[in-house]
Structures are given as C-alpha cells and as structure tokens.
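Below, each chain spelled out in residue letters.
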Amino acid sequence: MNTQEMVEKINKLKDERNAIILAHNYQVPEIQDIADFIGDSLELARKASGIKDKDVIVFCGVDFMAEMAAILNPDKIVLVPSPAARCPMAAQLPADRLIEYKNKYPDAGVVVYVNTLAETKAEADIVCTSANAIKVVNSLPQKTVLFGPDANLARWVAINVPEKKIIPVPQDGGCYVHKKITLDDIEKSRREHPFAELMVHPECPPEVQDAADFVLSTGQMIEHAGQSNSKEFIVGTERDMTYRLQKLYPEKRFYPINEKRICVQMKKNTVEGIYLSLKNMENKVSVKPEIADKAKKAIERMLEIK
Ligand code: 13P
Ligand code: SF4
C-alpha cells in the first residue's frame, strides 16, 4: 500500500472510530499533512483538554504528550502510532529523584516541565511548557522554585524572573537535540542568511540563547513569524519545525539552523503507524488512575494560567 492509499484508509478509519489526530510541530511532514490539529506542547494540552465529541485520540508526538492527553481524557481511548516515541529528557527526572529534592528543599515551589512522565507530574505543584514557564513560575508564592528537568529552560526562566531563586533539578538535564545547537551553527547560518531573524528554543544552550534575536517555544515561533516584518528566519530547533512554518507562511522563508538537528524519537511515528494503530486499536496509552488524578491537578493548574 502506498502512502496515498494509507491516508485514504486512515480517513475512513477516523470516521468509523470517531477519532481525531493530534500532532506536535516536530512530526514528519506527511503526518503534519494529515493531522487534524498541530501545535506545541501547551497548545496540544489545551486542545486535548477540550475534546468533547470524539471517542479516540491518535497522538503523534512523544510519550509524555500522549500521556497528558490520556490524563485529561480518562473516558477516551488514546492511541500512539509508535510506543517507541519516548522523549529521553522525560526520563531524566524520575519521581523518586524529585521527592529527594523536595525533601532537601521543603519550602520550595515545585515546577516540572511538561517533558516529564506522569509519576513526576504527580509530585509537582504545577506543570509548565516552554511557552508559559515564566508565567507559571511567576504564579507561585514561593521565592525558591525547584525546576526540572531542562537546565537550559531553567536558566532562561531564572533570567526572566530574577526575583526568584530557580534551582534546576537535576543540575544537567536537557534535550540532546537542542544541546547540539552551537555557536558554529549560528555563525554559519547567519553568514548564509544575513537578513534573517534568528529564533531559538529555550532548550538551547545559554550561549545560543544569548546570541539569538528571539528565544521562543515552537508555538511562539509561529506567532512571531506571522507578526514580524522580516521575510526570512533561521529556526533554532528541530528540523521539521521549518515545514510547519513554511506551510503557514509560504510568502516567507524559513531555514533550519542545522539540517542534522533531528529528534529521532519524534520520527518513530509514521503514517503506517497511524493506520495500524487505528485499524487494530493498538498502542493504547494508559496511566494508573491514582497517578493520573494527582498529575491532572498539576496540569490543570497550568491550564488555568492564561
Ligand atoms: P514546544 O512545547 O516548544 O513545542 O517544545 C516541546 C519539545 O519537546 C521541545 O523539544
Ligand atoms: Fe524530547 Fe528533545 Fe525530542 Fe523534544 S526534541 S521530544 S525534548 S528529545
């Protein structure tokens, strides 16, 4: 079966199963093309929390995103095209590690990045994404805040909320894709595209954040590119973000900062995986109810922040 035939079958299955396909901005172009909704982690969480008329959600992203959709929709079936699409950063702050930090700093507020598993979210006061991390930290009454697992995002928050003490947990957590974005990448792409604005994700290293024109979540990159007078942009994040931007703004030009900055885990999802998961109703995401209930509170606290 070729891709086009598979897409036709997916569309039929979607009707039969009453399903919706959600996809993250880093999904391969073929998946972006068939998704019903594409977004960053926050937009996907908001979308997932408001789905009323569907029975099945096919989530094309990584483990923590699909888990969040399942937590927010205990009465629906959440499927993933590939159970191997697991964000390595989400495993960097297991719940028992966070509990150790909480015992060491009993008076601190506890913010966990959305890129964590449900057990860890269940131990947090509140969840954040890269789009709302500053607002979330500002919303807490505590002066000292445990923040993890991304140390680069923690640093970005610390710069923007100087009146609070941000303690990164662990000290060196982070995303292998964004950690590989370097000043050499910036220098080369700025040389090739001297009139382009440089947008980078806050998971990038400090020196890259400092050298960029804008530090933005993937959803904020979309918003910024739409509003900016600039016609060209260097995109300092996962490669396929440029596909999303280019499709939205065909009159502008988007260049990946480095074609090799690819999230291998996001790419485990395929059109065939979507087809098979819907056909066989396989790869169901489940979260233990007692964990889901606690994690849901921390996620909902985040969603209350506008
Ligand atoms: P966004 O929420 O900005 O899309 O980031 C998610 C992610 O996994 C970045 O690597
Ligand atoms: Fe995880 Fe990084 Fe991939 Fe995002 S890009 S899903 S943080 S490994």
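In this report, the structure presented in the accompanying data block is examined.

A word on the packing of aromatic side chains
Applying the stated criterion to the full structure yields two aromatic pairs. A centroid spacing of 6.2 Å and a plane angle of 40° characterise the contact between Tyr249 and Phe254, whose relative ring orientation is tilted. We classify Phe254 as buried; its relative accessible area is 7%.

What to know about the site of ligand 1
In the vicinity of ligand 1, the contacting residues are His24, Tyr26, Asp40, Ser41, Asn115, Ser130, His178, His201, Glu203, Ser217 and Thr218. Taken by itself ligand 1 offers 300 Å² of open surface, and the protein chains cover 96% of this. Tallied by class, residues from the shell around ligand 1 come to one nonpolar, eight polar and two charged.

Points about helix H1 (residues 3-17)
Here H1 contains 15 residues, and its C-alpha end-to-end distance of 20 Å stays within 8% of the 21 Å for a straight helix at 1.5 Å per residue. When H1 is considered as a whole, its buried residues turn out to be Met6, Val7, Ile10, Leu13 and Lys14. Buried positions in H1, seen along its axis, are confined to an arc of 125° and lie on one side of it. Looking at H1, the residues exposed on the side facing more than 90 degrees away from the buried face are Lys12, Asp15 and Glu16. The opening residue of H1 is Asn2, an N-cap whose side-chain oxygen sits 3.2 Å from the backbone nitrogen of Gln4.

Description of the nonpolar core
Ranked by size, the top nonpolar core spans 79 residues in total, and within it Phe59, Val111, Phe147 and Leu245 carry the most contacts. Here the element with the most residues in this core is helix H4 (residues 63-72); it accounts for eight residues. Those residues in contact with Leu245 that sit more than four places away from it in its chain are Met199, Met221, Ile222, Ala225, Val235 and Phe254. By size, the runner-up hydrophobic cluster in this structure holds 20 residues, among which are Met6, Leu13, Val58 and Val271.

About the thresholds
Residues numbered from 1 in each chain as written. Chains lettered and ligands numbered in written order. Predicted model: local features only at pLDDT ≥ 70, side-chain atom pairs only at ≥ 80, totals over all residues. Heavy atoms only, no water. Phe/Tyr/Trp six-rings, centres within 6.5 Å; stacked < 30°, edge-to-face > 60°. Buried < 20%, exposed > 50% of the residue type's maximum accessible area, 1.4 Å probe, protein only. Near = heavy atom within 4 Å. Areas by Shrake-Rupley, 256 points an atom, 1.4 Å probe, with all protein chains shown as cover. Nonpolar A, V, L, I, M, F, W, Y, C, P; charged D, E, K, R; others polar. Helix = DSSP H or I, 4+ residues; strand = E, 2+ residues; numbered from the N terminus. Expected span 1.5 Å × (residues − 1). Arc of directions from axis to C-beta. Polar contact = N/O pair within 3.5 Å; in protein donor to acceptor, adjacent residues only side chain to side chain. Core = buried A, V, L, I, M, F, W, Y, C linked by side-chain atoms within 4.5 Å. Contact = heavy atoms within 4.5 Å.

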